[in-house]
Amino acid sequence: MSGSPASDPDGFDSVLALVNDASARRTRDEPSAPYDQEADGRTGDARRAAEGDRPRARPSAEEPVGAAGLTAEPDAARTADKAPAATEWPAEYGPEPPGPAAPPAAGCGGAPQVYEAPDGEAPAREAAAAASHGPCGARRHGSAVTGWAEAVRVAGRAGQAVRERTSAVRPALELPPAEALGLVLARPLAALTDLPPFDTSAMDGWAVAGPGPWRVRPDGVLAGQSGEALADGEAVPIATGARVPRDVTAVVRSEHGRLDAHGGLHPTREVVHGQDIRPRAQECRTGDTLLPAGSAVTPAVLGLAAAAGYDTLAVHARPTVDLFVLGDELLTRGLPRDGLIRDALGPMLPHWLREAGAEIRTVERLGDRPDALAGAVAASEADLVVTTGGTASGPVDFVHPTLERLGADLLVDGVAVRPGHPMLLARTAPGQHLVGLPGNPLAAVCGLLTLVVPLLRGLAGAPLRQGEVAGGTPGSGAVPDVYETRRVQLSTDPLEAAAPPGPDAAAPTAVLDAPVQGHPSDTRLVPVRVDAGRARPLSFGGPAMLRGVATADALAVVVPGGAEAGHRVELLALPWAGGGGGFT
């Protein structure tokens, strides 16, 4: 193993520290109670019931993985002649981290492992691309399934680490404001001028000097004009937003003044010095910070930036994503037939990823072809690769063997959340990660909000939110540095609803209208409708179902053990409810 410290280009060591800490706490705190899969309304994802809902161990070096992803009997002669070589820890990661690591897959260190494609096509291009990703043998850091809050934190910190380490080679973009909409500020937005830049009238009426009544001058002051100074006893008509002439005492609103037959102006109520005048720099002074770096560029930010004098904005580029849809059973049109089902994730995920601030480079259907998957991942130049399905341990679940083949590092290998338990996060190359989403539609949505959105936020330079998270591992206490995964406060409390989002913003919450059964050790994400600060759990919340989430405003974060009616729960708001996946 590499014994001398080396550079850590994307902060991998700091992320590994989070992974190992989360793993240790999860191992310590996890109860071993059984779980009734039918009791919470789920209809699938039962493959691990006999194993206590824990993931199966990765195949060892003595248990080679065959073309179908199943453990095969070792060939005695082959293993005697070619014992697998130890996988070297990449020097670019820095010192080797503590914690357990999976041994290399069979065939690593010797002859390349060959996956036979179903159609017999030669995998030369894919193999060449895979070789460029470094040594074989995926490392699994941590010894247990990751708690939900910890998984969110690890994903966010992984993205942030890449952003921090690559800022020199990925400079900020200077874009016209309209092109910056939806991106994240790379630098603080500082005022280039006072706002307002001069004293302006807040109302249509008359600018007056001294006590009344006043003699009205025939000329008026419109917006964009500069009127002459007034003498005491003079008034001049003025429009809203117009620059107030020198020596003006106040502005008298049109409805608060009366003109006599001789052109004199009389107030109909008391005139207070400075009334209805917006003083210069009332909103900000030149150089004041209007927004911190990491703020989302919303339509309101575009207006503020324009008012503050900006012609261009410094923003981070959108993180790039390649989406690979797996599964030979998926149809793109027509009715399900002969064991085939319609693909729900291919139509849904690209739009959700764009809503989350990503630039979609590729959407490709790979079926169940391990060589095609390995080649596509190895050849990808995107910041993030997202796969759908194949993350468990079934006969055609190829994601883990592919990561082993490419020498990836597993940061999250299973999350203590329902639905979505078999999701994973891996580092496939310096500066690149892969999120493996489960194939069940709602489980994939949960994986999207748990791993993809926080990682994208980190890559985009969005800020961390401090504070305790409702879905944390029991006994772990506050979990700091968790990425905000929703846009707005789903609350009818005027003060809470008006609070601007930011690093210190509390997570939106609501009170449950009905009890929700919990998993004994895992967080549950439950579709809910939110109205007047109350959350109503919806039916059809099983991992393979989208009917519930399609009518939901949010996913409620239900702690292990469940929640009674009247219990306050954290919410993950969804895009159509004004949140849940964007940066604002």
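For every chain, the first residue of its written sequence is number 1, and the numbers climb from 1 along that sequence. For this predicted model, a pLDDT threshold of at least 70 governs which residues receive local features, and a threshold of 80 or more governs which side-chain atom pairs are given and counted, while totals over whole chains, interfaces and linings are taken from all residues. To get the side-chain values, take all heavy atoms of the structure and skip hydrogens and water.

Trainee: Please provide a residue-by-residue account of the nonpolar core, values included.
Mentor: One finds Trp148, Leu425, Val452, Leu456 and Leu555 to be the most contacted residues of the largest nonpolar core, which totals 51 residues. Secondary structure counts use DSSP, requiring at least four H or I residues in a row for a helix and at least two E residues in a row for a strand, with both numbered from the N terminus. In terms of residue count, helix H10 (residues 441-460) provides more of this core than any other element does, 12 residues in total. We define a nonpolar core as any set of buried Ala, Val, Leu, Ile, Met, Phe, Trp, Tyr and Cys residues linked to one another through side-chain atoms lying within 4.5 Å. The buried label goes to any residue with under 20% of its type's maximum accessible area, the exposed label to any with over 50%, and the partly exposed label to all in between, with areas taken from a 1.4 Å probe on protein chains only.

Trainee: Please provide a residue-by-residue account of the pattern of salt bridges, values included.
Mentor: The working definition used for a salt bridge is a side-chain nitrogen of Lys or Arg within 4 Å of a carboxyl oxygen of Asp or Glu. Under the definition given, this model contains 14 salt bridges. Ionic pairing is found between Arg280 and Asp194, a salt bridge with its closest N-O pair at 2.8 Å. Here Arg280 is found in the loop between strand E13 (277-278) and strand E14 (289-291), whereas its partner Asp194 is found in the loop between strand E5 (189-190) and strand E6 (200-201), with 86 residues between them in sequence. A salt bridge links Arg361 to Asp322; its shortest N-O distance comes to 3.3 Å. Of the two residues, Arg361 is situated in strand E19 (residues 359-367) and Asp322 in strand E16 (residues 320-326); the sequence distance between them amounts to 39 residues. Accessibility expressed as a relative area gives 41% for Arg361, which makes it partly exposed. Each of Arg215, Arg217, Asp219 and Glu234 takes part in one network of salt bridges that share partners.

Trainee: Talk me through the packing of helix H7 (residues 345-355) against H10; I want residue IDs and the actual numbers.
Mentor: A pair of packed helices is captured by two measures, namely the crossing angle of their axes and the spacing between those axes. Note on geometry: axes are lines fitted to C-alpha atoms, helical ones only across the stretch in contact, with angles between N-to-C directions running from 0 to 180 degrees. Here H7 crosses H10 at 25°, and the two axes come no closer than 12 Å. In terms of orientation, H7 lies roughly parallel with respect to H10. Once H7 is placed against H10, the crossing between them reads as right-handed. Here Leu345, Met348, Leu349, Trp352 and Leu353 of H7 lie close against H10, whose contacting residues are Pro441, Ala444, Val445, Leu448, Val452 and Leu456. Any angle between 65 and 115 degrees counts as roughly perpendicular, while under 35 counts as roughly parallel, over 145 as roughly antiparallel, and the rest as oblique. Two helices cross in a left-handed way if the nearer one is turned anticlockwise from the farther one by less than a right angle. They cross in a right-handed way if the turn is clockwise. The contact definition used throughout considers only heavy atoms, calling two residues in contact when any of these lie within 4.5 Å.

Trainee: Before we move on, could you go through the packing of helix H8 (residues 370-379) against helix H9 (residues 399-406) and cite the residues and values that matter?
Mentor: At a closest axis distance of 10 Å, the pairing of H8 and H9 adopts a crossing angle of 50°. Our classification of the angle between H8 and H9 gives oblique. Of the two elements, H8 crosses H9, and the hand of that crossing is right-handed. Here Pro370, Asp371, Leu373, Ala374, Val377 and Ala378 of H8 lie close against H9, whose contacting residues are Val399, Thr402, Arg405 and Leu406.

Trainee: Could you give me a rundown of the confidence of the model for the protein, with the residues and numbers involved?
Mentor: Per residue, pLDDT captures the predictor's confidence, and it can take any value from 0 to 100. On average, residues of the protein score 74 in pLDDT, and 67% of them are at 70 or above. When the criterion is pLDDT under 50, residues 30-137 qualifies, and its contacts beyond four places in sequence or with other chains add up to 203 contacts. Considering only residues more than four positions removed or in separate chains, one finds that residues 466-505, a stretch of pLDDT under 50, has 116 contacts.

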